[in-house]
Amino acid sequence: MTGNQSVLLSIEGMSCASCVGRVDRALSGLEGIGDVSVNLANETARMTVDGPERLAEAADTLDKLGYPARRASVTLNIASMSCASCVGRVDKAIAAVPGVLEVNVNLASETATVTYLEGVTGPAAFIATATEIGYPAEIAEASSSGDRVARKEEEAREIRHRTILAAVLALPVFVMEMGSHLVPGMHEFIGGTIGHEASWVIQFLLTTAVLLGPGRVFYQKGIPALIKGVPDMNSLVAVGTGAAYIYSVIATFLPSLLPDAVRAVYFEAAAVIVVLILLGRFLEARAKGRTGAAIQKLLGLQVRTARVLRDGEPVEVAIEEIRLGDVLLVRPGERIAVDGELVEGESHVDESMITGEPVPVTKATGDPVTGGTVNGAGSFRFRATRVGADTTLSQIIRMVEEAQGAKLPIQGLVDRITLWFVPAVMAIAALTVLIWLIFGPEPALTLALVAGVSVLIIACPCAMGLATPTSIMVGTGRAAEMGVLFRKGDALQILSSVDVVAFDKTGTLTEGRPELVDVIVAEGFDRTDVLGRVAMVEEQSEHPIAEAIVRGARREGAARHEVSEFNSMTGYGVRARVGTTEVLVGADRLMQREGLDLGALAAEEAQLARRGHTALYAAIDGKVAAVFGVADPVKSASAAAIQELHKLGLKVAMITGDKPETAETIARETGIDHVIARVLPDGKVAALDELRTKGQRIAFVGDGINDAPALAHADVGIAIGTGTDVAIESADVVLMSGDLRGVVNAFEVSRRTMRNIRENLFWAFGYNTALIPVAAGVLYPAFGVLLSPILAAGAMGLSSVFVLTNALRLRRIAPAMDERASAHPTPAQLVPAPAE
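Residues numbered from 1 in each chain as written. Predicted model: local features only at pLDDT ≥ 70, side-chain atom pairs only at ≥ 80, totals over all residues. Heavy atoms only, no water.

Turning our eyes to something else, we now look at the overall build of the chain. Scanning the chain from N- to C-terminus turns up 30 helices and 29 strands. Taken along the three principal axes of its C-alpha coordinates, the chain extends 120 × 65 × 65 Å. When each of the 836 residues of the chain is scored for burial, the buried share is 55%. For the chain, restricting intrachain contacts to residue pairs at least 6 apart in sequence, the fraction spanning at least 24 positions comes to 70%. For the chain, the accessible surface area stands at approximately 34700 Å², while carbon and sulfur atoms represent 56% of it. Averaging the coordinates of the 74 positive side-chain charges in the chain and doing the same for the 95 negative ones gives two points 3 Å apart. (Helix = DSSP H or I, 4+ residues; strand = E, 2+ residues; numbered from the N terminus. Buried < 20%, exposed > 50% of the residue type's maximum accessible area, 1.4 Å probe, protein only. Contact = heavy atoms within 4.5 Å. Areas by Shrake-Rupley, 256 points an atom, 1.4 Å probe, with all protein chains shown as cover. Lys, Arg positive; Asp, Glu negative; His and termini not counted. Charge placed at Lys NZ, Arg CZ, Asp CG, Glu CD.)

The subject of this paragraph is the pattern of salt bridges. Taken as a whole, this structure holds 29 salt bridges when the rule is applied. E316 is the salt-bridge partner of R307, the closest N and O atoms lying 3.6 Å from each other. The exposure class of R307 is buried, given its relative accessible area of 14%. Under the relative-accessibility criterion, E316 is labelled exposed at 53%. A salt bridge links E351 to K363, with the nearest nitrogen and oxygen atoms 3.1 Å apart. Residue E351 is found in the loop between strand 12 (347-350) and helix 12 (352-355), and its partner K363 is found in strand 13 (residues 361-363); the two are separated by 12 residues along the sequence. As far as burial versus exposure is concerned, E351 and K363 are alike and both buried. (Salt bridge = Lys/Arg side-chain N within 4 Å of Asp/Glu carboxyl O.)

With that settled, consider the sheet that holds strand 15 (residues 374-375). If you walk across this open sheet you meet the 3 strands as 13-12-15, and the pairing is antiparallel. At either margin of the open sheet sits one strand with a lone partner, and together these are strand 13 and strand 15. In this sheet, strand 13 lies alongside strand 12 in antiparallel orientation, the contact comprising 3 bridges. Pairing of V349 across the sheet is with V361, part of strand 13. (Pairing = 2+ DSSP bridges.)

Take the sheet that holds strand 23 (residues 614-620) next. The sheet built from 6 strands is open, its strands ordered 19-24-23-22-21-20 with antiparallel pairing. Every other strand in the sheet has two partners, leaving strand 19 (515-521) and strand 20 (563-569) as the edge strands with one partner each. Shown here is a sheet whose adjacent strand axes are inclined to one another by a mean of 20°, direction ignored. Two elements, strand 20 and strand 21 (residues 573-578), share 5 bridges in a ladder whose sense is antiparallel. Bridge pairing links S564 to R577 in strand 21. Packing of helix 20 (residues 544-555) onto the sheet brings it into contact with strand 19, strand 23 and strand 24 (623-631), and relative to strand 19 it is tilted by some 75°. In the packing of helix 22 (residues 601-610) onto the sheet, the strands contacted are strand 19, strand 23 and strand 24, and the crossing angle to strand 24 comes to about 10°. (Axes fitted to C-alpha atoms, helices over the stretch in contact; angles between N-to-C directions.)

This paragraph deals with unusual backbone geometry. Peptide bonds are mostly trans, and most non-glycine residues show a negative phi. In the segment running from E442 into P443, the intervening peptide bond is cis, with an omega of -5°. In this structure, P443 sits in the loop between helix 15 (421-439) and helix 16 (444-458). With a phi close to 75°, S80 is a non-glycine residue in the positive phi region. Within the element layout of this structure, S80 appears in the loop between strand 4 (71-78) and helix 3 (84-95). Residue classification places S80 among the partly exposed positions, given a relative accessible area of 26%.

Let's shift gears to the UniProt feature "transmembrane region" (unreviewed entry) in the chain. The positions that UniProt labels "transmembrane region" (unreviewed entry) are, in the present scheme, residues 164-183, 198-215, 236-258, 264-283, 417-439, 445-468, 761-780 and 786-808. Along residues 264-283, the helical share is 85% and the strand share 0%, with 33 Å between the first and last C-alpha atoms. With 92% helix and 0% strand, the stretch residues 445-468 has end C-alpha atoms that lie 40 Å from each other. (UniProt positions renumbered as here; feature names shortened; annotations may be inferred.)

The subject of this paragraph is the environment of T385. Here T385 lies in strand 16 (residues 380-386). Taking the C-alpha atoms as reference points, T385 and R331, 54 residues apart in sequence, are found 19 Å from one another. When sequence neighbours within four positions are dropped, the list of residues in contact with T385 reads L324, D339, G340 and E341.

In C-alpha cells:
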C-alpha cells in the first residue's frame, strides 16, 4: 500500500446515530486516517489510510471502543516450503498485505492461518501473494488433514523414486573417484583400462544426469530465490553442488584454466550430496506424515454411512445427509454416526476413543450418545441432536487441528533468527572461500572450494523450522488420544510453567450430583411439611443442591404446593411464596442478611460442616425452620490426581462457596494445600488474583457456567469436558473424561512436549553453531581436518531426521495416571456441594 488508499471496514455493534458518532470521532482522531464516513445501514466505515499499519491501529481502537471490526480467518495449504527461511518469507509477505492482522505459518503441516479484516482483503490476495514469491497456495478444505497425510505419503513415494534414481546414477561416480582412495590398486586399474580422462568424462555425464534429473528441483527453486534476493535451503544446495560441478567441468574440459596442482574433479561430491539430501527429504516427508497420525485416527472414527429410519424403514444414507431430528438405527458392534439421544433400546457403548475411559458405558432411553463411539452387544435407536461440523468428534478434530497449527511464544525468536539464516550462511561461505584463498596453503583454490561448499551444504535451516511445529503436532495429537484437547496452542507452553492448580468443586472435584443426607427441623415445625415446601421452592432452581433437596422430598413422598413470586438471589439463596407462606432457602449469610435468629440450629449446622457436609437453612414466614445437610461424593480419582500434581511440584487450591470449616475438612481429606472459601460466583476471578499475589502462574479447573469467567481469567483454563458448552468455550484445555486424571495428563503432555521442543532447538542451533565452523576449516590449522562436502550433506540430512524422530517420540507418552487410579479409595466418601 503506497500513498493514501480508501478502505472499507465492516463494524459490529452499531445500533444508533450515537454509535455512528462515537466511531466517526474515534477513527477521525487517529493519525494517518482521514475522510472517515460511517454508515449505520450497512454497518461499515470507509476511510483513507496512509499505510497498512493504520488498519491495525483502527481495528485496535474500535475494539476498545466496543465496536469491533469484523474479522475472518482462513487456512491455506502452502506448497514448496522446505526450511525455516521459507516460513519466514511467507509469513512476512502475507503479513504485509493491508488488512492482515495475524499470520501463522507452519512448516510441519505446510499451512498458513491468516486472520484479517473483512472487506479490506481476503483469501485471493493471500494466495496471490504467496504464489508470487514462489510458494503456491490454495484454501485448505475441511478434509485437508486427511488430504495432507495422503499428500505426504505421495510426496514420500515420489522422493523415494528420485532418490533411488539418483543413487543408481551416483554410485559409479562415487566408486570411480573415491574407490581410488578406499581400495588399493583401484587408481591403477582405472588408469590402465578406461583411463583417468575417460573416467572424468563418464563422471561428468552421470553427474549431469543426476543434477538435471532427480536434483533439478534444487535449481528450479533455489536459483530463482537467489536471484530475487531471498535465498532458501534450495539455494544453498544449488550453489554448493553447482560450484563443485562447475569446478569439475573446468578441470575436465578446460584444464589450462587451472594450475596442475589444483586440477581435480568433485563430481562425486555434487552427485552424492544430491542423493543424501534427497534421502533426508524422503525420511523427512515420511516422518511428517506420521506427525499427523492422531488426526488420521480421529478421521478414521467418522463413519461414511448410517441407517436412518424413513417412513419406519431403515435406509442407508451418507453421513452428510443426516439431519437434526432424524432417528438412526444402531446394530451390535457398529460405530455411532452422529451425536444423539437414545429413544429406544439399551446397550453398552465403548467411548474410550473419545474420553479415554476403557470401561463401556451403559446407555438407556434418554441417555446421550456420541458420534465415533462403538456400540456393544445391544441394539438401539437414537435421535440425532448434533450433525455435521457440530458433532463432538468434528469439534475435537477442529480443536486438534487448530492446536497443531498454533505458533508458541518460543517460536517467535526462532522465526526472527531463521529469516536471516540462509543469507548469513552464504556470507560465511563467501568469507570462508576468501580466507582460504588469502591465507590457505597450497592447493589453496581446492581447499577453498571444499570448505565453501561444505559450509553451504552443512547448514540446516530445515531442522530449525521443524523443531517446534513437529513437537506441537505430535504432542497435541497424543494428548487428544488421551482425552486432553488443547484448544489454544500457547496453553501447551504456558501450562508447563504453571505453579498453582486451582479447582472448582462441584462437578470438578466431586461428582456434581449431591444428595440430601440430613434434615433437622426447629422446634414447632413439622419435618415433612417443611421439606415439602422447601422442595417446591427449589424445584424452580437448576442448582445441584436444589435438585438434591427435590429428589429427597420425592423419596419421602412430601406433598406438593403451589409456588409464586419466585426470586433467586445469586450467592445467597432463593425466596418464594408457597401457598400463603413465605419461604427463604439459602446459606447462613442469607439468614444473617435478613436478620433471622438461627437459634439451636447454628450448632447443628456447625456439626454438619465438621462432617464435610454443605448446610442450607430454610425459613418460613420469618422464622428459621430447618437446616439441611447435603453431601456430594468425591470423584474416585480426585485424591490420587491431587497427589500426582504434588509430585509434579505443583500447589493445589480449591475455590468454593462453602464455609471455611467445611472447606478445610475436605482439603485435609483430599490433600489440597490452600482453600479460598465463601466465594460468591462472581468472586472466583478475584480469588484467582489472590492466588497470583506472589507472581505465580495459575491454572483453573472447572465445569460450570459460573466457572467461565475464571476459566478465561486464569493463565490456563482447563474445562471438564462433561461440563457446559459455555465453560468449554472459555477454556484453553478441555478434558473429555469427567475426572481429574486428565489434568495430570495435560501437565505431563505439556512438560514432555516443551522438553522435546527445547531438545530439538538445542540440537538445531547447536548443530549449526558447532559444525559450520568445522565445515569452514577451523580445525585444519591444528589437526589438518577439513570436512568433506559429502559428509556435510549426510550430516545436514541427519539433522532434520533427528529433529523429526525426536518429535515422534512424543507418540509414546504414557498417561501419567492410568485407569486404575480411579479405583483408589478416596478418604472422603462424601464432600459438600458449593453454595454458589
